[in-house]
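Breakdown of the fold
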Amino acid sequence: MRKLRALVFAVLLVVSMGAMPLSAVGVADSSAVTEHADSVTERPVTASLAAQEGDDDPHPDGRPDDPTTTDTIGYVEGYWYDDELPVDDQDNAVVEDDELDAVVYRSMARVEVIRERTFEETVDVSVRTREDVSEETTADIRNVTEAERLHENVRFEALFMVDRDTDAVDQFAALYTDVVGGFYDPETDEIVVVSDTPESPELDELVLAHELEHALQDQYFDLQSFERATRDQATAQEGLIEGDANTIETEYEQRCGEQWDCLPPAQTPEGSQPDLNWGIYFTIFQPYDDGPDYVEYLRQQGGWDAVDDAFENPPASTSDMMYPEEDREPANITIEDRSSDRWERLETEDGPDFASFGEGAMATMLAAGAFGESQQSVVSAEEFLTFNAAGGIDDIQYSQPYTDGWNGDKLVTYTTDAETVDESAYVWRSEWTSEGDAAAFVDGYQQLLSINGGEPVEDRQDTTVIDEGFPGAYRVDHEGTTVTIVRAPSVDELSEIHEGGAESDSDSETETETGAENETQTTETNADNETAGDESGDESDELAGFGLVVALVALLVGVMAMRRR
């Protein structure tokens with residue numbers, strides 16, 4: 001897919017989920033990330049402020065006589081991390097142009113103190129209105145080919161998050177229009193903070209701190225060098241990137257008012273809750289829920305050095321992020337290419353496309369219905385969300401019994417010459433750590449089909465038909481630790497997409513990974529393309545409009561009781 005600007009977004013959720021009553025919620029296959037071209041820049045040989053203290057230091061707090069921006073932690077362009085600024089006495093977060101540099105430099109110094117390293121260079125920051133940013137962001141998201149749009153629609157229909165009458169790309173565009181609170185652009189090394197008060201733009205200091213940490217990450221680790229072959233791999237990497245930034249933001253906030261003078265929080269506009277696609281939203285949110293826990297685990301193992309090491313060898317899957325103490329290596333899944341005169345494997349500009357959702361997205365699939373119009377789901381809202389005493393949301397439980405044995409998944413899309421979602425099909429194969437784990441997922445998925453109006457087909461084993469919403473024929477095959485789901489427009493077409501697709505004899509569906517690899521040799525050209533995608537990571541299943549980072553969404557959650565404390 002096309003690689004567009006790799007924006008690292010900070011997203012401000014403008015809906016107060018913390019105060020939301022329970023009734024309101026219903027109570028990028030992958031190879032490993034390639035090695036960076038250059039080794040990570042070494043941490044500057046500079047002591048922290050605490051370490052700089054000494055009896056012979058003329059300053060009571062141990063600060064050096066000649067501090068420099070690149071060598072002194074907590075000092076940037078003439079400003080110390082604890083300096084007082086005129087804006088501190090304001091009752092709003094409006095920052096005039098001639099005051100912006102001072103606020104930015106002091107915030108950079110504060111991020112250095114928490115992260116224990118210096119910036120290599122200063123960062124340009126601007127404050128823009130939501131209208132301007134939304135227009136640009138929406139244009140980026142919607143800048144996709146028809147093949148890419150089809151791929152997105154099939155993917156999210158497979159997750160039962162976007163129905164046949166809804167466009168997935170439009171759902172993403174609407175989501176980011178409502179919630180973007182700022183972003184860092186690695187191509188220009190610039191930060192944009194979004195303001196909801198266009199007449200007098202306000203700068204949210206916590207958003208600024210979060211995005212400054214992304215700039216610091218980019219200076220040391222080159223965020224654009226991360227290759228994300230699948231959505232699952234990208235989400236795992238975002239867990240590291242956003243977990244780091246959220247940790248900085250949280251510790252920054254904890255020091256405001258107690259140790260530091262900070263700008264007052266930016267005002268959040270009042271109004272009705274945006275009409276979000278909660279399935280997509282919770283899928284995107286995972287890095288900001290599990291990421292901070294992952295970074296905390298790393299810091300417990302080896303401090304910030306362990307976090308730095310993880311940037312050189314990022315987690316390979318969301319399961320790696322969720323269970324860092326375990327050594328999970330996702331299975332390398334292959335699927336026979338059954339292209340024919342009628343059906344062909346969907347290709348985008350970069351070749352055959354595929355998807356890998358990961359454990360978190362598959363758990364969300366089973367829970368998303370709880371937040372929709374029907375409020376019906378396999379995993380209930382109470383099982384998916386943890387509420388605090390005040391009724392706010394404390395945590396999201398992406399680890400669920402139906403999916404916690406995940407060991408890899410891969411979905412490939414087929415289409416006819418019409419290249420429409422009505423004439424599309426897919427094969428979705430997943431691997432599980434045990435036969436029991438595979439059976440648990442099959443159980444949950446069969447419940448999901450039933451909830452969405454699925455009716456068993458007589459004399460067709462494990463075959464279900466849905467007429468509305470997510471129409472088509474579905475077959476679920478379970479063989480050992482492997483689950484293969486096939487969806488086609490009709491029952492008769494299932495076997496065209498995948499061998500044994502709608503036959504009553506379940507023994508006909510015996511393809512194993514080894515068998516699939518052997519069978520792909522009979523379709524040499526397509527198999528070569530698929531293998532290249534599996535091994536090189538050149539192809540991506542990320543949303544086309546975002547390219548490298550569809551959702552480095554540093555969810556600020558300003559009025560939402562979800563922010564990690």
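The structure under discussion appears in the preceding block.
So, how was this worked out
Residues numbered from 1 in each chain as written. Predicted model: local features only at pLDDT ≥ 70, side-chain atom pairs only at ≥ 80, totals over all residues. Heavy atoms only, no water. Helix = DSSP H or I, 4+ residues; strand = E, 2+ residues; numbered from the N terminus. Expected span 1.5 Å × (residues − 1). Buried < 20%, exposed > 50% of the residue type's maximum accessible area, 1.4 Å probe, protein only. Pairing = 2+ DSSP bridges. Axes fitted to C-alpha atoms, helices over the stretch in contact; angles between N-to-C directions. Parallel < 35°, antiparallel > 145°, perpendicular 65-115°, else oblique. Nonpolar A, V, L, I, M, F, W, Y, C, P; charged D, E, K, R; others polar. Left-handed = near helix turned anticlockwise from the far one by under 90°. Contact = heavy atoms within 4.5 Å. Disulfide = S-S within 2.5 Å. Patch = residues over 30% accessible without salt bridge, like charges linked within 9 Å, V, L, I, M, F, W, Y side chains within 5 Å. Areas by Shrake-Rupley, 256 points an atom, 1.4 Å probe, with all protein chains shown as cover. Salt bridge = Lys/Arg side-chain N within 4 Å of Asp/Glu carboxyl O. Lys, Arg positive; Asp, Glu negative; His and termini not counted. Charge placed at Lys NZ, Arg CZ, Asp CG, Glu CD.

1. Let's talk about helix α2 (residues 97-115)
In a regular helix each residue adds 1.5 Å, so 19 residues correspond to 27 Å; α2 covers 27 Å between its end C-alpha atoms and thus fits that length. Among the 19 residues in α2, 15 count as buried, and that is most of the element.

2. Details of the pairing of strand β14 (residues 424-432)
Buried residues dominate β14, accounting for nine of its nine residues. Burial along β14 is two-sided: the face carrying Ser424, Tyr426, Trp428, Ser430 and Trp432 and the face carrying Ala425, Val427, Arg429 and Glu431 are both buried. Pairing of strand β13 (residues 406-415) with β14 involves eight bridges; the strand directions are antiparallel. The partner of Leu411 across the bridge, within β14, is Trp428. Bridge count between β14 and strand β18 (residues 482-488): six bridges; the pairing is antiparallel. In the strand pairing of β18, Arg429 is matched with Thr484.

3. Section: the packing of helix α7 (residues 231-255) against helix α8 (residues 278-312)
One way to put it is that α7 packs onto α8 with a least axis distance of 6 Å and a crossing angle of 80°. It follows from the interaxial angle that α7 and α8 lie roughly perpendicular. In terms of residue class, the contact of α7 with α8 is made up of 13 nonpolar, seven polar and five charged.

4. Topic: the packing of α2 against helix α6 (residues 205-221)
Running from N to C, α2 and α6 point in directions that differ by 65°, and their axes come no closer than 9 Å. Remark: the crossing between α2 and α6 carries right-handed chirality. From α2, Val103, Val104, Arg106, Ser107, Met108, Arg110, Val111 and Arg115 reach across to α6, where they touch Glu205, Leu208, Ala209, Leu212, Glu213, Leu216 and Phe221. Per-class residue counts for the contact of α2 with α6 are nine nonpolar, one polar and five charged.

5. A few points about the state of the cysteines
Summed over the entire model, instances satisfying the criterion amount to one disulfide. What pairs with Cys256 in a disulfide is Cys262, and their sulfur atoms sit 2.0 Å apart. The chirality of the disulfide connecting Cys256 with Cys262 is left-handed, given an S-S dihedral of about -85°. A relative accessible area of 15% places Cys262 in the buried class.

6. Examining a negative patch on the surface
Residues Glu77, Asp101, Glu120, Glu121, Asp124, Asp189 and Glu190 make up a contiguous surface patch of negative charge. Inspection of the secondary structure assignment puts Asp124 in strand β4 (residues 124-129).

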